[in-house]
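Single-letter residue listing:
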Amino acid sequence: MVEILFGESSAGSMKAAKCENVKYKNSQPLWIQGSSDEVICLGFMLDMGYIGEVVDSQYRKDFIYSMYAQNQWEQDEEYENELKKLGNVYAGELARLIRFLEGGEPVRIWYSDAPYSRCGFYHVCSILKNYPNEVSVVTQPEHVVKKNVIVSYHSWSEVAAEEFAGFLGNERKLTSDEIRMYAEMWGELVLENAPLRAVVNGTVLSVSDDFYDFIIWNKLTDKPVKECRLIGDILGQVPIGIGDWWYAARIEHFIRQGKIKVEEDSENKYARLIKGYL
């Protein structure tokens, strides 16, 4: 079974979760049958940036690099080269998926309501509609109850490798009609070709690039704060599945506009001391 995920962290956990010899406890699998080679990571960040071009276009590769390159915590030549190759890595993963499909392999898609994940799911359906392969999905629940404790989830990146098998009870088959429906949704988003896509009341909508800006302004004051602390607070207090890259890019945009002041600069942008003009 080919496992499709849309983020590096979740795909890495899934690779660790795949096991050739699965053990069971109370008739439930402790791991997921198969090999790590069956895990496909399509981390194209399709909720952000324009999508009028194919996902493995040079535009998308450059966009992915521009988002990751903002984090300069441990920037060096080797790290820089790895970032530049990421777009090609995902393009290779897409090509690998096509080979699996042409070989008739069944696929299982793990997606959540995080915008990047929903957009990735719709895009994959636009590919799957052309193949007769068996397709199933595991949709991440909003929360699960563990020993009288409610655990909330916002993306598959929050799930540890040993926990993935526990979600297989949520797996369901996708019909060809459903696949076509989701593919059409992706087609509509492509035609709209907005700079950003957001999940609003369970629906993926094309929105302007300032859609999430109010979150930044709700947290930023005239009291200087490290950029990494501001973004960390946003991610922790407003967990809507948006990566730190987008907030960092918008903060940089406001700095260039003169709406956010850099009190203390740093080569590491995330370490800058910033404040709002009030």
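Going by the structure above, here's the rest.
All figures in this text were calculated on a predicted structure; none of them were measured in a lab. (Residues numbered from 1 in each chain as written. Predicted model: local features only at pLDDT ≥ 70, side-chain atom pairs only at ≥ 80, totals over all residues. Heavy atoms only, no water.)

### Topic: the side chain of N133
The following threshold applies: Each helix corresponds to a stretch of at least 4 residues labelled H or I by DSSP, and each strand to a stretch of at least 2 residues labelled E; elements are numbered beginning at the N terminus. Whenever a nitrogen or oxygen atom comes within 3.5 Å of another N or O atom, the pair is scored as a polar contact, on the condition that within protein one atom can donate a hydrogen and the other can accept it, and that pairs from neighbouring residues in sequence are kept only if both atoms are in side chains. Contacts are assigned to residue pairs that have any heavy atoms within 4.5 Å of one another.
Following the sequence through the fold, N133 ends up in the loop between α4 (115-128) and β8 (135-139). Here the side chain of N133 touches E105 through a polar contact of 2.8 Å, landing on its backbone oxygen. Ignoring any residue separated from it by four or fewer positions in sequence, one finds N133 in contact with F100, L101, G104 and E105.

### Description of the environment of Y24
Within the fold, Y24 resides in strand β3 (residues 24-25). Counting along the chain gives 112 residues from Y24 to S136, while the straight-line C-alpha distance between them is 22 Å. If we skip the residues at most four places from it in the chain, Y24 touches P29 and L30.

### What to know about the nonpolar core
The condition is simple: Within this scheme, the nonpolar core is defined by two criteria: the residues are buried Ala, Val, Leu, Ile, Met, Phe, Trp, Tyr or Cys, and they are joined through side-chain atoms within 4.5 Å. Burial status follows relative accessibility: with a 1.4 Å probe on protein chains alone, a residue under 20% of its type maximum counts as buried, one over 50% as exposed, and anything between as partly exposed.
If you look at the biggest cluster of nonpolar residues, it comprises 82 residues, and the most contacted ones within it are I4, F6, L42, I109, W110, F121 and F164. The element that contributes the greatest number of residues to this core is α4, accounting for eight residues.

### Details of the packing of aromatic side chains
The condition is simple: The rule is short: rings of Phe, Tyr and Trp, with Trp giving its six-membered ring, pair when the centres are within 6.5 Å, and they are stacked under 30 degrees, edge-to-face over 60, tilted in between.
Overall, the coordinates contain 14 aromatic pairs when judged by the stated rule. For the ring pair F44 and Y90, a centre distance of 5.8 Å and an interplane angle of 65° mean the geometry is edge-to-face. Note that F44 is positioned in the loop between β6 (39-41) and α2 (58-68) and Y90 in helix α3 (residues 77-102), a separation of 46 residues in sequence. What makes Y90 buried here is its relative accessible area of 1%. Grouped by ring-pair contacts, the aromatic residues W110, Y153, W156, F164 and F167 constitute a single cluster.

### A word on the pairing of strand β9 (residues 143-146)
To keep things clear, this is the line we draw: Paired strands, as defined in this entry, are two strands with at least two bridges between them according to DSSP.
One ladder, built from four bridges, connects β9 with strand β10 (residues 149-152); its direction is antiparallel. Residue pairing across strands places V145 opposite I150, the latter belonging to β10. Here β9 hands over to β10 after two residues, with K147 in that stretch at a positive phi of 50°.

### Some points on the side chain of E178
Its location among the elements puts E178 in helix α5 (residues 176-192). Among the polar contacts made by the side chain of E178, one reaches the main-chain amide nitrogen of T175 at a distance of 3.0 Å. Beyond its immediate sequence surroundings of up to four residues, E178 is in contact with R172 and K173.

### A word on unusual backbone geometry
The backbone of N193 sits at a positive phi, close to 45°, despite the residue not being glycine. Among the secondary structure elements, N193 is positioned in the loop between α5 and β12 (196-200). In this structure, N201 takes a positive phi of about 50° despite not being glycine. Tracing the sequence through the fold places N201 in the loop between β12 and β13 (203-207). Taking relative accessible area as the criterion, N201 reaches 80% and is therefore assigned exposed.

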